[in-house]
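Given next are the chains, with one letter for each unit.
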Amino acid sequence: MKNIELNIEKALPFIDIREYESFISEVDRISASLENNTCAGSDFLGWLHLPSSITKEMLDDIKSTAAVLQENCDVVVVAGIGGSYLGSKAVIEALSNPFNGLKKGEGLPQIVFAGHNISEDYLAELTDYLKGKRFGVINISKSGTTTETALAFRLLKKQCEEQMGELARKCIVAVTDAKKGAARVTADKEGYKSFVIPDNVGGRFSVLTPVGLLPIAVAGYDIDKLVEGAQVMEKECASSVYASDNIAAVYAAARNTLYNSGKKIEILVNFCPRLHYVNEWWKQLYGESEGKENKGIFPASVDFSTDLHSMGQWIQQGERIIFETVISVEKVSRKLVVPADEENLDGLNFLAGKRVDEVNKMAELGTQLAHVDGGVPNMKITMPEVNEYYIGQLFYFFEKACAISGLMLKINPFNQPGVEDYKRNMFALLNKPGYEEESKKIRERLNK
């Protein structure tokens, strides 16, 4: 089978080759620091060989639990925020028919998401939607006290128990810490089926743990193939004497070279709307990993050709601080031909007989040429098709490249200290016990 491929040809005219080669020369050292657990953030390297460490027994346990939820639920709510939901949502949306709900087919539960915001309207509308339905909950939180997820789970647990009775114990699953935290205590007390989030895997790298695999399995998709794709890419992106053959190293080196030349924003582009949440997952992965110490490429994303009619003008002629990475899908899963029309009022008869995908591919190529001519470096990742196997490859490729890229920036790619700032302020404003001093200070500040 083919693998995903990376082409940086359209970025090379914008790249200082000597600097690029110096970054490539760093790859062996960086790879060794990852393998030897000597890099910054080495406590969170559990993702590095996660694909190859996943056992058949673990996958069978996940699939068995998914079957229980499939049998007893019409809807399953995935409660989580950040990496606790973006990976599974990315896979499920990429593989689902958008007009058939988030699931593989009839007879499977619809997947919906909660715990990723604190919108009263959203939660009220969700609880209204669930009334009278058989539903279950996958509660994903290492601590069990993350405000957004804990609040949603409190509401969902109560409603599930009221509607499902004793069956609620079978239809609520916890994905949490092995030993500690509120979610672990609740799971043990209530007798919920539970899975462990490894201590050494951060949320944004957790899609190949039960965090992502369980919801994906419930939706009916092939987690064996997802893991297999990641395993193949784990081997492909291993340290090599020929780092220039390692696509994760090439991507990391190219984007850091562009960054040093003033390209401060990377735009991830797709021409396949199913990949929208792959972009969202990628934004968290790179934004949370690299945005530290006043450094880091800002990760943005667009869905083309839709956003060519909104953001296209800025990308073509705005400030030249951007570069693009395009995910190109080689083979689509459906076939649709443009029909002829006798009156031809729309002027589209020149397309009659062509597949819609050919039109889309020419839009992709035309856009790339226009943007390169407009001073936007372009890199292209080719996916043979959108399926579990190639999404698994794509995820691991991005994770490994992210680690290499962050270490090239000389920051710790595996922590997120800035994320706590908004939480401290929110807790102080809400008068959370233990935040009395912070509450006093912040209110004094607001009253000035």
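Our subject is the structure listed above.
Nothing here was measured: the structure is a model prediction, and the numbers come from that model.

Undergrad: I'd like a rundown of the packing of aromatic side chains, residues and numbers included.
TA: Per the counting criterion, the structure on display carries 17 aromatic pairs. Ring geometry for Trp281 against Phe395: centres 4.2 Å apart, planes inclined by 35°, an arrangement best described as tilted. With Trp281 in helix H13 (residues 276–290) and Phe395 in helix H16 (residues 388–408), this pair connects stretches of sequence that are 114 residues apart. Neither Trp281 nor Phe395 differs from the other in exposure class; each is buried. Here Phe397 and Phe398 contribute two aromatic rings whose centre-to-centre distance is 5.1 Å and whose plane-to-plane angle is 40°, an arrangement assigned as tilted. By the burial criterion, Phe397 is buried, and Phe398 matches it. Through pairs of rings, three or more aromatic residues link up here, namely Tyr251, Trp281, Trp282, Tyr286, Phe395, Phe397 and Phe398. Sitting over the ring of Tyr277, Lys89 keeps its end group 4.6 Å from the ring centre.

Undergrad: Quick one: what's the story with the pattern of salt bridges, residue by residue and with numbers?
TA: On inspection of all chains with the given rule, the structure shows 24 salt bridges. A salt bridge links Glu190 to Lys157, with the nearest nitrogen and oxygen atoms 3.6 Å apart. In this pair, Glu190 sits in helix H9 (residues 182–190) while Lys157 sits in helix H7 (residues 147–164), placing the two residues 33 residues apart along the sequence. Take Glu190: its relative accessible area is 16%, and that puts it in the buried class. Overall, the relative accessible area of 17% leaves Lys157 in the buried class. Glu266 serves as the salt-bridge partner of Arg255, at 2.7 Å between the closest nitrogen and oxygen. Taken together, the residues Arg255 in helix H12 (residues 247–260) and Glu266 in strand S7 (residues 265–270) connect sequence positions 11 residues apart. Classification of Arg255 as buried rests on a relative accessible area of 1%. Each member of the salt-bridge network shares a partner with another, and the members are Lys157, Glu161, Glu166, Arg169 and Glu190.

Undergrad: Quick rundown of the side chain of Asp307? Include the residues and the values.
TA: Relative to the assigned elements, Asp307 resides in the loop between strand S8 (298–303) and helix H14 (312–317). Of the side chains with opposite charge, Lys283 comes closest to the buried, unpaired Asp307, at an N-O distance of 9.0 Å. If we skip the residues at most four places from it in the chain, Asp307 touches Val302 and Gly312.

Undergrad: Before we move on, could you go through the state of the cysteines and cite the residues and values that matter?
TA: By the definition in use, this model includes zero disulfides. Lacking any disulfide linkage, Cys160 is separated from the closest cysteine sulfur, that of Cys171, by 6.0 Å.

Undergrad: Pulling in residues and values, what's your account of a negative patch on the surface?
TA: Taken together, Asp341, Glu342, Glu343 and Asp346 make up a surface patch of like negative charges. Residue placement: Glu343 occurs in the loop between strand S9 (322–331) and helix H15 (356–373). A relative accessible area of 58% places Glu343 in the exposed class.

Undergrad: I'd like to hear about the pairing of strand S5 (residues 172–176), residue by residue, with values.
TA: Among the five residues in S5, five count as buried, and that is most of the element. Judged by which residues are buried, S5 turns out to be covered on both faces: Ile172, Ala174 and Thr176 on one side and Val173 and Val175 on the other are all buried. Relative to S5, strand S4 (residues 135–140) is paired through four bridges, and the arrangement is parallel. Following the sheet pairing, Ile138 is matched in S5 by Val173. Handedness of the crossover joining S5 and strand S6 (residues 193–196) through H9: right-handed.

Undergrad: Go over helix H1 (residues 17–25) with me, naming the residues and quoting the values.
TA: Taken together, the buried positions of H1 are occupied by Tyr20, Phe23 and Ile24. All buried residues of H1 lie within an arc of 100° about the axis, which places them on one face of the element. Seen from the open side of H1, the exposed residues pointing more than 90 degrees away from its buried face are Arg18 and Ser25. Buried positions along H1 lie against helix H2 (27–35), H12 and H16. Its side-chain oxygen 3.0 Å from the backbone nitrogen of Arg18, Asp16 forms the N-cap of H1.

Undergrad: Tell me about the sheet that holds S7, and name the residues and values.
TA: Here we have five strands laid out as an open sheet, ordered S1-S10-S9-S7-S8, and mixed in their pairing. The strands lining the two open edges of the sheet, one partner per strand, are strand S1 (5–7) and S8. Going across the sheet, the axis of each strand differs from the next one's by a mean of 20°, ignoring polarity. In this sheet, S9 lies alongside S7 in parallel orientation, the contact comprising six bridges. Across the sheet, Val269 pairs through a bridge with Val326, a residue of S9.

What counts and what doesn't
- Residues numbered from 1 in each chain as written.
- Predicted model: local features only at pLDDT ≥ 70, side-chain atom pairs only at ≥ 80, totals over all residues.
- Heavy atoms only, no water.
- Phe/Tyr/Trp six-rings, centres within 6.5 Å; stacked < 30°, edge-to-face > 60°.
- Helix = DSSP H or I, 4+ residues; strand = E, 2+ residues; numbered from the N terminus.
- Buried < 20%, exposed > 50% of the residue type's maximum accessible area, 1.4 Å probe, protein only.
- Lys NZ or Arg CZ within 6 Å of the ring centre and 35° of its normal.
- Salt bridge = Lys/Arg side-chain N within 4 Å of Asp/Glu carboxyl O.
- Lys, Arg positive; Asp, Glu negative; His and termini not counted.
- Contact = heavy atoms within 4.5 Å.
- Disulfide = S-S within 2.5 Å.
- Patch = residues over 30% accessible without salt bridge, like charges linked within 9 Å, V, L, I, M, F, W, Y side chains within 5 Å.
- Areas by Shrake-Rupley, 256 points an atom, 1.4 Å probe, with all protein chains shown as cover.
- Charge placed at Lys NZ, Arg CZ, Asp CG, Glu CD.
- Pairing = 2+ DSSP bridges.
- Right-handed = clockwise from strand over helix to strand, strands pointing away.
- Arc of directions from axis to C-beta.
- Polar contact = N/O pair within 3.5 Å; in protein donor to acceptor, adjacent residues only side chain to side chain.
- Axes fitted to C-alpha atoms, helices over the stretch in contact; angles between N-to-C directions.

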